[in-house]
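# Examination of the molecular architecture
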Amino acid sequence: ERAGWIDQITKISAPRPKTPPTTGPFRLVREVEPLNIGDPLPDYRFTNQLGQPVNLSQFRGQALVFTFIFTRCPYPNFCPLMSNNFRDAQELLLNTPNAPTNWQLFTISFDPEWDTPARLKAYAEGLRHNPRHWNFLTGDLRDITAIAEQVGEVFARDAGGATINHNLRTVVVDARGRVQNIIAENKWKPAELVEEILKAARAMP
């Protein structure tokens, strides 16, 4: 019987460029781990439709729900449906007697180059959003990509660059800051989301 071994291994690392390039057929991403039910939501920093900084950590103690869109999406059953469902869920919550008030909706754009705060503000107003409970967020594409990848949201521009191909994810985080549900695709109804929000808002530390 033969045996062999290797010793005296030396790791050789290639020199890294001091600053990464910012143009080319790629996008910069952060290395992130997938989020599972029960995991704490990491903190991310965005900018809302009013140009104000928004940190997810500042909403601890509130139920958070977020989904991803781009305002130029041409397909009614994708981004427009997500936004209309959020609007309907907002109205249900605001008109439910004795409903908790510790909840926030976040619509995150993965097209930050186009979806500036001003454009998001006009989009939000078209949906009759309540700014106390619903923010429309943009920010650094690296951060948007990171949180999207953590919850299974995948997006990329098509070959011609005219639109963005993507799937759908809606994420519910309870008042303790832990992921309660990650809802795939577009089959859910506003009333179902409201039930998730009511449960998330009542989660005790």
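Along each chain, the written sequence defines residue order, and numbers are assigned to residues from 1. Residue-level local features of this predicted model are given only where pLDDT is at least 70; pairs of side-chain atoms are given and counted only at 80 or more, and the full residue set underlies all totals for whole chains, interfaces and linings. Heavy atoms from the whole structure form the basis of all side-chain values; hydrogens and water molecules are not counted.

With that out of the way, let us pick up the confidence of the model for the chain. The predictor reports its confidence for every residue as pLDDT, a score running from 0 up to 100. Put simply, the chain has an average pLDDT of 88, and 85% of its residues get 70 or more. Should any heavy atoms of two residues lie within 4.5 Å, those residues are counted as being in contact. Here residues 1-6 scores under 50 on pLDDT; set against residues more than four positions off or in separate chains, the count is 0 contacts. Counted against residues more than four places away or in other chains, residues 9-28, with its pLDDT under 50, gives 7 contacts.

Secondary structure counts use DSSP, requiring at least four H or I residues in a row for a helix and at least two E residues in a row for a strand, with both numbered from the N terminus. Working rule for helices: expected span equals 1.5 Å times residues minus one. Its 12 residues place the ends of helix α4 (residues 190-201) 16 Å apart at the C-alpha level, agreeing with the 16 Å of an ideal helix rising 1.5 Å per residue. Taken together, the buried positions of α4 are occupied by Pro 190, Leu 193, Val 194, Ile 197, Leu 198, Ala 200 and Ala 201. For α4, the buried positions fall inside an angular range of 165° around the axis, keeping them on one side. Away from the buried face of α4 by more than 90 degrees, exposed residues Glu 195 and Lys 199 are located. Contact partners of the buried residues in α4: β3 (63-69), α1 (79-94), β4 (103-109), β8 (169-173) and β9 (179-184). Relative accessibility thresholds used throughout: buried, under 20% of the residue-type maximum; exposed, over 50%; partly exposed, between the two (1.4 Å probe, protein chains only). Each C-beta atom gives one direction from the helix axis, and the arc is the one those directions make.

Basic side-chain nitrogens of Lys or Arg form a salt bridge, by our definition, when they fall within 4 Å of a carboxyl oxygen of Asp or Glu. Counting across every chain of the model gives 7 salt bridges. Across the pair Asp 111 and Arg 157 runs a salt bridge, and its minimum N-O distance is 2.6 Å. Of this pair, Asp 111 sits in the loop between β4 and α2 (117-126) while Arg 157 is found in strand β6 (residues 155-157), placing the two residues 46 residues apart along the sequence. For Glu 125, the salt bridge is made with Lys 121, and the minimal N-O distance between the two is 2.7 Å. Taken together, the positions of Glu 125 and Lys 121, both in helix α2 and 4 residues apart, correspond to about one turn of that helix. Shared partners join several salt bridges into a network, and the residues in it are Arg 72, Asp 111 and Arg 157.

Tracing the sequence through the fold places His 166 in strand β7 (residues 164-166). If we ignore the near neighbours within four places in the chain, the residues touching His 166 are Phe 70, Cys 73, Phe 78, Cys 79, Phe 110, Glu 153, Val 154 and Phe 155.

The next subject is the packing of α1 against α4. Where α1 meets α4, the axes come as close as 9 Å, and the angle between the chain directions of the two elements is 55°. Viewed along their axes, α1 and α4 adopt a mutual orientation that is oblique. Crossing geometry of α1 relative to α4 is assigned as right-handed. Facing Asn 85, Phe 86, Asp 88, Ala 89, Leu 92 and Leu 93 of α1, the residues of α4 in contact are Pro 190, Ala 191, Leu 193, Val 194, Ile 197 and Leu 198. Any residue outside Ala, Val, Leu, Ile, Met, Phe, Trp, Tyr, Cys, Pro, Asp, Glu, Lys and Arg is labelled polar, Gly included; the first ten of those are nonpolar and the last four are charged. Broken down by class, the residue content of the contact of α1 with α4 amounts to 10 nonpolar, 1 polar and 1 charged. The angle between two axes is taken between their N-to-C directions and runs from 0 to 180 degrees, where each axis is a line fitted to C-alpha atoms and a helix contributes only its stretch in contact. Note that the term roughly parallel is reserved for angles under 35 degrees, roughly antiparallel for angles over 145, roughly perpendicular for angles of 65 to 115, and oblique for everything else. For any helix crossing, the convention is left-handed if the near helix is rotated counterclockwise from the far helix by under a right angle, and right-handed if that rotation is clockwise.

Spatial strand order, β5-β4-β3-β8-β9: 5 strands in an open sheet with mixed pairing. Only two strands of the sheet have a single partner each, and these edge strands are β5 (134-137) and β9. The average undirected angle you get between the axes of adjacent strands in this sheet is 15°. The rule for pairing is simple: two strands pair if DSSP sees at least two bridges between them. Of the strand pairs in this sheet, β3 and β4 are connected by 7 bridges, and their pairing is parallel. Directly across from Phe 68, in β4, lies its bridge partner Ile 108. Here α2 sits on the sheet in contact with β3, β4 and β5, set at roughly 145° to β5.

Further remarks concern unusual backbone geometry. As a rule of thumb, non-glycine residues mostly have phi less than zero, and peptide bonds are mostly trans rather than cis. With phi around 55°, Arg 128 is a residue other than glycine that occupies positive phi space. Under the relative-accessibility criterion, Arg 128 is labelled exposed at 55%. The backbone phi angle of Glu 185 is positive, close to 60°, even though this residue is not glycine. Relative to the elements of secondary structure, Glu 185 occurs in the loop between β9 and α4. Judged by its relative accessible area of 35%, Glu 185 is partly exposed.

Now for the environment of Val 171. Mapped onto the elements of the fold, Val 171 is located in strand β8. The residues contacting Val 171, other than those within four sequence positions of it, are Leu 64, Val 65, Phe 66, Val 151, Val 179, Asn 181 and Ile 182.

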